[in-house]
Amino acid sequence: MSREDNNAPFGQAAKHGSFNLGDVVTNRAKVLTDDEKLRLEEQNKRMVSEFQAGKLETEARKHWDLFYKRNETRFFKDRHWTTREFEELLAGSSASGEDGSIRKTMLEIGCGVGNLVFPLIEDGHRDYFIYACDLSPRAVEMVRQHNLYDEAYMKAFPCDITTGEVFGTIPEGSLDIATLIFVLSAIHPDKFRTVVGNIFRLMKPGGTVLFRDYGLYDMAQLRFKPGHKIAENFYMRQDGTRSYYFAEDEVSNLFSGEGFEVIVNSYIHRRTINQKEGIDVPRIFVQSKFRKPCG
């Protein structure tokens, strides 16, 4: 359950005639222009009805299953960039492997079709036992059919992380690393604390959560037309999937409120330009690392 728009690093974009102006890391929210303020005001003129919003919530799994039925493995690029952004994914071994080494345990929440975990394996990082879960059973089945899938070092399973069903597969206090990358934004805001609380229970003391998601006033948020807004900063896409846009301090307060220590938490402003095609794409993400205290 993950869906990011053009999140490839700038070096990859350059291959397609685009170039970047460099990432800007900041704790300051974007300052809106008068035109952008007007766009947000227009969104409020026709909101998603309460009935429709409730239907989107109850049918969330169906919409993600349909998304993967349409797109299969073609929609997202493999995330080879994650090890550059999160060096924790390069960390060495922590439960014993067959050779006597200590294997770290990792969970990718919202694994989709494996665009994070399989590049990690391809790049030689097999010192983890990797759990991978997704709301969509169809996406999980695609992971299981991948030629690199091997239950000797990986287990993929369908799971609604907003419930307690994850504990039927993963014991509490057993994870060294959890990734939550472009996933929380697809979940109803009323369930954010439940999700983060579940993750806290899964982590070992000292375990780290790696987070990246859409930031407040990202280009995609400003582009929504009236009729798509469900609630403040929460929107419905045409295909029935949903997207939330986070303020930096909101993410920090969410995780610290559930017991995590904040290691890093910032906006990432990224701008890609293709002069030939007349394209200027400003993106805003929130990128963070959180640790479960050892004490």
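Reading the values: rules and limits
- Residues numbered from 1 in each chain as written.
- Predicted model: local features only at pLDDT ≥ 70, side-chain atom pairs only at ≥ 80, totals over all residues.
- Heavy atoms only, no water.
- Helix = DSSP H or I, 4+ residues; strand = E, 2+ residues; numbered from the N terminus.
- Buried < 20%, exposed > 50% of the residue type's maximum accessible area, 1.4 Å probe, protein only.
- 1 Å grid on protein atoms, 1.4 Å probe; cavity = no way out; pocket = protein on both sides within 12 Å on 5 of 7 lines; lining within 4 Å.
- Points joined across faces, edges and corners; volume = space filled by probe spheres on them.
- Nonpolar A, V, L, I, M, F, W, Y, C, P; charged D, E, K, R; others polar.
- Core = buried A, V, L, I, M, F, W, Y, C linked by side-chain atoms within 4.5 Å.
- Contact = heavy atoms within 4.5 Å.
- pLDDT = per-residue confidence, 0-100.
- Phe/Tyr/Trp six-rings, centres within 6.5 Å; stacked < 30°, edge-to-face > 60°.
- Lys NZ or Arg CZ within 6 Å of the ring centre and 35° of its normal.
- Pairing = 2+ DSSP bridges.
- Axes fitted to C-alpha atoms, helices over the stretch in contact; angles between N-to-C directions.
- Salt bridge = Lys/Arg side-chain N within 4 Å of Asp/Glu carboxyl O.
- Disulfide = S-S within 2.5 Å.

Chemist: Please clarify how the overall build of the protein should be interpreted in this entry.
Modeler: The helix and strand tally for the protein stands at 10 helices and 12 strands. Here the protein, with 295 residues, has 55% of them falling under the buried criterion.

Chemist: Please explain empty space enclosed by the protein as it appears in this structure.
Modeler: Using a probe with the size of a water molecule, rolled over the atoms, empty space left in the structure can be pinpointed. Of the volumes computed, that of the second largest cavity is approximately 30 Å³. Taken together, L56, A60, H63, W64, A186, G240, T241 and R242 make up the lining of the second largest cavity. For the lining of the second largest cavity, the leading source of residues is helix α4 (residues 60-71), giving three residues. Grouping the constituent residues of the lining of the second largest cavity by class yields four nonpolar, three polar and one charged.

Chemist: Where do I start with the nonpolar core in this structure?
Modeler: Nonpolar side chains tend toward joint burial in soluble globular proteins. In this structure, L184, I199, F211 and F255 are the most contacted members of the largest nonpolar core, which totals 43 residues. Sorting elements by how many residues they give to this core places helix α8 (residues 192-202) first, with five residues. Residues in contact with L184, not counting those within four places in the same chain, are F192, V195, F211, D213, F246 and L254. Within the second largest apolar cluster, 32 residues are counted, among which are F118, I177, F182 and I268.

Chemist: In this structure, what is going on with the confidence of the model for the protein? I would like to understand it.
Modeler: Should the pLDDT be low somewhere, the predicted coordinates at that spot are not to be read in detail. With 80% of its residues at a pLDDT of 70 or more, the protein shows a mean pLDDT of 84. Here helix α1 (residues 10-14) is the element of the protein with the lowest mean pLDDT, 38, and α8 is the one with the highest, 98. Across residues 73-78, where pLDDT falls below 50, the model places 17 contacts with residues more than four positions away in sequence or in other chains.

Chemist: How should the packing of aromatic side chains be read in this particular structure?
Modeler: Aromatic rings in a pair are described by how distant their centres are and how their planes are angled relative to each other. In the structure shown here, the tally under the stated rule is 17 aromatic pairs. Between F234 and Y244 the ring centres are 6.2 Å apart and the planes differ by 50°, which places this aromatic pair in the tilted class. Of the two residues, F234 is situated in strand β9 (residues 234-236) and Y244 in strand β10 (residues 242-244); the sequence distance between them amounts to 10 residues. When its relative accessible area of 0% is taken as the criterion, F234 is described as buried. Residue classification places Y244 among the buried residues on the basis of a relative accessible area of 6%. Centroid distance F255 to F290: 4.0 Å. Interplanar angle 0°. Geometry classified as stacked. Here the residue F255 occupies a position in helix α10 (residues 248-257), and F290 occupies one in strand β12 (residues 279-291), the gap between them amounting to 35 residues. Each member of the pair, F255 together with F290, is buried. Each member of the aromatic cluster is reached from another via a ring pair, and the members are F192, F200, F211, F234, Y244, F246, F255, F260 and F290. The positively charged end of R201 is found above the aromatic ring belonging to F167, 3.9 Å away from the centroid. Over the face of the ring belonging to F200 we find K292, whose NZ or CZ atom lies 4.6 Å from the ring centre.

Chemist: How should the sheet that holds β10 be read in this particular structure?
Modeler: In any sheet, the strands associate via hydrogen bonds between backbone groups, in a parallel or an antiparallel arrangement. The strand order β8-β9-β10 describes an open sheet built from three strands, whose pairing is antiparallel. Unpaired on one side and paired on the other, β8 (229-231) and β10 mark the two borders of the sheet. Taken pair by pair, the neighbouring strands of this sheet meet at an average axis angle of 30°, ignoring direction.

Chemist: Teacher, can you tell me more about the pattern of salt bridges here?
Modeler: A side chain with one charge may pair with a side chain of the opposite charge, provided their charged atoms come close. Within this structure, the stated rule accounts for 14 salt bridges. Residue D35 pairs with R39 through a salt bridge whose shortest N-O separation is 3.2 Å. Highlighted residues: D35 and R39, both in helix α2 (residues 34-43), separated by four residues, approximately one helical turn. Given a relative accessible area of 36%, R39 falls into the partly exposed group. Here D176 ties to K204 by a salt bridge, and the two come within 3.2 Å at their closest N and O atoms. Taken together, the positions of D176 in strand β6 (residues 175-181) and K204 in strand β7 (residues 203-214) put the pair 28 residues apart, joining distant regions of the chain.

Chemist: I would appreciate a short explanation of the state of the cysteines in the present structure.
Modeler: Put plainly, a disulfide is one covalent bond tying together the sulfur atoms of two cysteines. Going through the model one piece at a time under the given rule, you end up with zero disulfides. The closest cysteine sulfur to the non-disulfide-bonded C111 is located on C133, 6.4 Å from its own sulfur.

Chemist: What is the right way to read the environment of A186 from this model?
Modeler: Relative to the elements of secondary structure, A186 occurs in the loop between β6 and α8. The exposure class assigned to A186 is buried, which follows from its relative accessible area of 6%. In this structure, the C-alpha to C-alpha distance between A186 and T241, residues 55 residues apart in sequence, is 7.0 Å.

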